[in-house]
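Results of the structural survey
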Amino acid sequence: MIRLVTLFVSLTLCGSIAAQNSLNISLLYNWMDTTIIPSTAYNNTYNEIWGVKLNNREYAIIGATDGTHFFDITNPLAVDTVAFVAGADDGTNIVHRDYHDYNGYLYAVCDEGPSTLQIIDLSFLPDSVMVVYDDDTLIDRSHNIFIDSASARLYNADGRIFSLADPVNPILIGNLGSYCHDMFIRNDTVFCNKGTDGLFIYDMSNISSSQLIGSLTIYPDQDYNHSGWLSDDGTVYVFADEKHGMDLKVCDVSNLANITVLSQINANSSDTSAIPHNLIIDGDFLFVSYYYDGLQIYNISNPANPVKVGYYDTYSLSNFKSYKGAWGVYPLLPSGLVLVSDMQTGLYVFDVSVALGVEEATFESSTSIYPNPAVDKLTIKSKETLSKNTLISVYDGLGKLLRQAVVPVSGLSELSIDVSGLSDGFYVIGITDSHQSIVHKIIKTSN
């Protein structure tokens, strides 16, 4: 039997924290280690981010100058550091690491120093990880890798292709015949971001011979074609030109022989320092790590008219003509949590349910909120007990985060929330614990 205990929470006074520059996004966790030595190039300690789910637990993986750090984020309000793998090389010369996972293994590369390809067995998580391959014979330095899971192939940025039929024993089987700064591959179709040359698409179904099936070499606001991602239905490809002030390009790729730019996006069109870096599409949403401008989220259900639905600025200093801030983004975890790596301030775990318009869909039948409209107090009642350290967030009608509080509850099924300090109007209340994220729309009234 569930214990019906009421906890009264004041979000206007005790326990509340001010929000950073953000819209529709709640910060659940941030990690940085000031003892790790940053690079001399950009004063960056951290680089790429990745995420995996294994045995019903979720993990964040972030690269740093010293190696690869692993975190159990199953409960994002009680994150556990679970493992660390030292890089083959480390120190102030390290800027780029890159990751991809396949069949329970993480593949890790680095683009500086006497580095290696590392293959890390994740099956021992959450207790530990095990490096099962660490060698420079196949790959020493690499800027990027991408794994096409459908064909069990690992593509290296230099064009070489390796079979992962035996995941711990990669075998060279072919060559794209082209360098790609970054790549997206699905079902043997390679979208090659080729810097100042533009975008090129290859068919690699015949591993012995690549076939060029599309390209975009002249387009608006063109500079250095850095990275991109394909929509789930394969009709839209978005890519970033990694240059100050350049726009993201949203492209129609339904006909690879005739690629067209449908729209352009700039996180900060009034600031020519804004730089898009890495991006991932999940469903109708585009997630971008935008250097100085942090995490940016856009609804691209109408790709000709993208709409910004959320942002969180992980880099608080002023923009300038260098490369600092949000490096990578990973929004593909089943929980919906979004991971971001900031070059200077480390790992971020975000709740973006408000930005994505997720509200009461999964947990509608297990929760109720009353009274609504509310005068001075509202109560959220759950059929399930809330876990320790429940995060409560309050947003205004425009999605601006007003207040957050971490409440040390355990075994409770009912929360009473003080809303007396809010002005009359429309609000969104978010409740997040280790096993659910609930969003409720409410109306605050004075009578």
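Note that the coordinates shown come from a computational prediction; the quantities given were computed from them, not determined experimentally. (Residues numbered from 1 in each chain as written. Predicted model: local features only at pLDDT ≥ 70, side-chain atom pairs only at ≥ 80, totals over all residues. Heavy atoms only, no water.)

With respect to a nonpolar patch on the surface
Just so we agree on the cut-off: Grouping into patches uses exposed residues only, defined as over 30% relative accessible area, and leaves out salt-bridged ones; the cut-off is 9 Å for like charges and 5 Å for nonpolar side chains (Val, Leu, Ile, Met, Phe, Trp, Tyr). Residue burial considers only the protein chains on display, and all accessible areas are found by Shrake-Rupley using a 1.4 Å probe. The working definition used for a salt bridge is a side-chain nitrogen of Lys or Arg within 4 Å of a carboxyl oxygen of Asp or Glu. Under the scheme used here, helices are H or I runs from DSSP no shorter than 4 residues and strands are E runs no shorter than 2 residues, and both carry numbers assigned from the N terminus. Three labels apply to residues, based on accessible area from a 1.4 Å probe with only protein chains included: buried if under 20% of the type maximum, exposed if over 50%, partly exposed otherwise in between.
Nonpolar side chains collect at one region of the surface, where F124, M130 and V132 lie side by side and expose about 240 Å² of accessible area between them. Along the polypeptide, V132 turns up in strand β12 (residues 130-135). With relative accessibility at 35%, the residue V132 sits in the partly exposed group.

A word on the environment of N43
Let me state the cut-off plainly: Contact definition: two residues touch when any of their heavy atoms are within 4.5 Å.
Following the sequence through the fold, N43 ends up in the loop between β4 (26-31) and β5 (46-54). Separated by 300 residues in the primary sequence, N43 and M343 place their C-alpha atoms 8.0 Å from one another. Sequence-distant contacts of N43, that is, excluding residues within four places in its chain, are made with P38, K324 and Q344.

Looking at the nonpolar core
Rules: Definition used in this section: a nonpolar core is a set of buried Ala, Val, Leu, Ile, Met, Phe, Trp, Tyr and Cys residues joined via side-chain atoms within 4.5 Å.
The biggest cluster of nonpolar side chains holds 77 residues, and the ones touching the most others in it are F70 and L286. Leave out the neighbours within four places in its chain, and L286 touches V238, L248, I265, L279, I280, I281, Q296, I297, Y298 and I300. Core analysis: the second largest hydrophobic core is formed by 17 residues, I369, V394, Y427 and I431 among them.

With respect to the pairing of β5
Selection rule: In short, DSSP must find at least two bridges between two strands for them to pair.
A large share of β5 lies buried, amounting to seven of its nine residues. The antiparallel hairpin formed by β5 and strand β6 (residues 57-64) contains two residues in its connecting segment, where N55 sits at a positive phi of about 50 degrees.

Description of the packing of aromatic side chains
Rule in force here: Whether two aromatic rings pair depends on their centres lying within 6.5 Å, for rings of Phe, Tyr and Trp, where Trp uses its six-membered ring; planes under 30 degrees apart make the pair stacked, over 60 edge-to-face, and the rest tilted. For a ring to carry a charge above it, either NZ of a lysine or CZ of an arginine must fall within 6 Å of the ring centroid while also lying within 35 degrees of the normal to the ring plane.
What the rule picks out here adds up to 16 aromatic pairs. Judged by centre distance (4.9 Å) and plane angle (55 degrees), the rings of W50 and Y330 are tilted. Taken together, the residues W50 in strand β5 and Y330 in strand β29 (residues 326-330) connect sequence positions 280 residues apart. With 6.5 Å between their ring centres and 70 degrees between their planes, F184 and F191 make a pair best called edge-to-face. Residue F184 shares its accessibility class with F191, and that shared class is buried. Grouping aromatic residues by their ring pairs yields a cluster made of F146, F184, F191, W229 and Y237. One Lys or Arg, K194, reaches over the ring of F200 and ends 4.8 Å from the middle of that ring.

Remarks on the confidence of the model for the protein
Short version of the rule: Each residue carries a pLDDT value, the predictor's own confidence for that position, ranging from 0 to 100.
Confidence in the prediction for the protein averages 89 pLDDT; 91% of positions are at 70 or higher. Note on residues 11-19: pLDDT under 50 across the span, and 20 contacts to partners over four residues away in sequence or across chains. This stretch, residues 360-365, has a pLDDT under 50; its non-local contacts, to residues over four places away or in other chains, come to eight contacts.

Some thoughts on a negative patch on the surface
Just so we agree on the cut-off: As used throughout, the charge tally considers Lys and Arg to be positive and Asp and Glu to be negative, leaving His and the chain termini uncounted. We put the charge of a Lys on NZ, of an Arg on CZ, of an Asp on CG and of a Glu on CD.
Taken together, the side chains of D232, D233, D282 and D284 present a region of like negative charge at the surface. Tracing the chain through its elements places D233 in the loop between β21 (225-230) and β22 (236-241).

Some thoughts on unusual backbone geometry
Y370 connects to P371 through a cis peptide bond whose omega is -15 degrees. On the secondary structure map, P371 appears in the loop between β32 (367-370) and β33 (377-386). Between N372 and P373 the backbone carries a cis peptide bond, its omega angle lying at 15 degrees. Despite not being glycine, N24 shows a phi value in the positive range, around 65 degrees. You can see N24 is positioned in the loop between β3 (22-23) and β4. Residues other than glycine seldom take positive phi values, yet D221 does so here, at roughly 55 degrees.

Structural notes on the side chain of N193
Stated precisely, the cut-off is as follows: Between N or O atoms, a polar contact is any pair within 3.5 Å; within protein, one atom must be a potential hydrogen donor and the other a potential acceptor, and residues adjacent in sequence are included only when both atoms are from side chains.
Here N193 lies in strand β18 (residues 189-193). According to the relative accessible area criterion, N193 is buried, its value standing at 0%. There is a polar contact of 2.6 Å between the side chain of N193 and the side chain of N225.

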